[in-house]
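# Fold and geometry: a report
For reference, the chains in residue letters:
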Amino acid sequence: RALRLRLPPEQHRLVVSAALRRPPRHGRGPLLLYLLDVLELPDPVLPQLPGLLGPDVPAAGLLVVGNKVDLLPADAPGHLGRLRQRVAAACAQAGLRGAPLVDVRLVSAKTGFGLEGLVSRLQRSWKCAGDVYLLGATNSGKSTLFNTLLRSDYCKSRAADAVDRATVSPWPGTTLNLLKFPIINPTCDRIFQRQERLKEEAAKTEDQLSSEEKKYLNHLKKQGYLVGEVGRTFQRQKSSPVVDFDPDMLSYSIDEDPRHSPRKREEREEFTHNEVKDARWCFDTPGIVKENCVLNLLTEKEVKLVLPTHAIIPRTFILKPGMVLFLAALGRVDYLQGEKPAWFSVVASNLLPVHIATLSNADAIYEKHAGQELLKVPMGGEERMKEFPPLVPQDITLEGIGTTEAVADIKLSSAGWVAVTAHAEEKLLLRAYTPKGTTLVVREPPLLPYISTIKGARIAGTAAYRTKKPPSLVENLKTTGRK
């Protein structure tokens, strides 16, 4: 069970910084693999990265990886290209432009989407030149990526049995030590064999997979929109297990119980000195703590409801002036002034409830139901709400650009966001609330500008549209042509 470990942000930064300031090995500085959560754009830790590295960190390169793309639906063709541009723009804004930035990639560490491409990119650009450090904020999926790379062609084939896996937990700082695995040397022969395997797998259809593989893929499809298979080209041959036979186990009388001989302790795989003396390593570092984040105010049970673990199904509502939208008890958006109704699309964990109210009774609803089942998070009734900070307002003015394209996202800290779509040149006055001490961001342009188009028929008698989960796609399998 992961420890509920908390370090002050400054001390946590020193721990990560000290790990990066190790003397360079093999005469070359390390490659920094920075993982960011695309749902968190603008990433709160990215601007801290230059200061975290400092002038005395001899990094040879930086590769930025946008994670959790599997959770976001495709609002229009080319949405991944748009997301990649947004990540690249965030890097430039944080001062990471130029030579050190090797590339920007989009992946899903959980479902495997984009990971074979990431491994190929690392092997082509970095080869085995030096060590690799995996960096990222808490809850960005860093430990999940470490565990997936451990089972891929990026890791030496024998290492998966000899290296501990990273702990995956919603709490920050759970990677207590610097876990590492040895990187395989991508020789020409190995790269050729790997490319042949990838071509062979890309030519398969789902019908050609084994029943076990189909079951696993269907499990991933329920959790994400974008799925990919991560395989291994170089498998280590495992020796057949030896069954120990103890004749004394059978030699007992009717009155005696069988005597169990003590089990031999399973020998742990260990590397030899020759295997690792010149090895390049991939290190997992402790997650960097996000400040002014709503997750820091929540209990473990509440965090599990707020962090999306399955594909997000957007929920769209038509609000008229004088109406209010609650996202659990963690955020609120008031539509104060405007001439026409507007569309409000909620992109957040499917487990978080959305409640629509009028401006006149919104405060009374919050007072009565915060901490209760209707608003769900936080949970624990009046006692819990006494220690929870109050909601703080911020006025927002927006001008619509059309009924099919959102003008901005109102990001309610890490609880999710509301994309606002309004008629062209329609001026809206909104008031958004987040808990005191957390950050509210108006994201322009929005991350998924056409999100309001993912909706079905209106639900009679309500402000909501009926939406359903769009189909999932597997990137490295041939499509069967069926719709």
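Residues numbered from 1 in each chain as written. Predicted model: local features only at pLDDT ≥ 70, side-chain atom pairs only at ≥ 80, totals over all residues. Heavy atoms only, no water.

### Here's the deal with the side chain of His-79
Residue position: His-79 is located in helix α3 (residues 79-93). Those residues in contact with His-79 that sit more than four places away from it in its chain are Leu-72, Pro-73 and Ala-74. (Helix = DSSP H or I, 4+ residues; strand = E, 2+ residues; numbered from the N terminus. Contact = heavy atoms within 4.5 Å.)

### Regarding the pairing of strand β8 (residues 315-319)
Across the five residues that make up β8, a large majority, five, are buried. The alternating pattern of β8 places Arg-315, Phe-317 and Leu-319 and Thr-316 and Ile-318 on opposite faces, both of which are buried. Two elements, β8 and strand β11 (residues 342-347), share five bridges in a ladder whose sense is antiparallel. In the sheet register, Arg-315 faces β11, and the bridge partner there is Val-346. (Buried < 20%, exposed > 50% of the residue type's maximum accessible area, 1.4 Å probe, protein only. Pairing = 2+ DSSP bridges.)

### So, the nonpolar core
Ranked by size, the top nonpolar core spans 53 residues in total, and within it Leu-330, Phe-344, Ile-410 and Leu-430 carry the most contacts. Examining the composition of this core, we find that five residues originate from one element, strand β9 (residues 323-327), more than from any other. When sequence neighbours within four positions are dropped, the list of residues in contact with Leu-330 reads Val-294, Leu-298, Val-306, Val-377, Pro-378, Phe-388, Leu-391, Ala-415, Tyr-433, Thr-434 and Pro-435. Grouped together as the second largest cluster of nonpolar side chains are 42 residues, Leu-36, Val-38, Leu-71 and Leu-447 included. (Core = buried A, V, L, I, M, F, W, Y, C linked by side-chain atoms within 4.5 Å.)

### A word on the sheet that holds strand β15 (residues 417-421)
Across the sheet, five strands lie side by side as β8-β11-β15-β14-β17; this open sheet has antiparallel pairing. Each of the sheet's edge strands pairs with one partner strand only, and the pair in question is β8 and β17 (440-443). Neighbouring strand axes in the sheet, compared pairwise and without regard to direction, differ in orientation by 20 degrees on average. The pairing of strand β14 (residues 408-412) with β17 spans four bridges and is antiparallel. What sits directly across from Lys-411, in β17, is Val-441. (Axes fitted to C-alpha atoms, helices over the stretch in contact; angles between N-to-C directions.)

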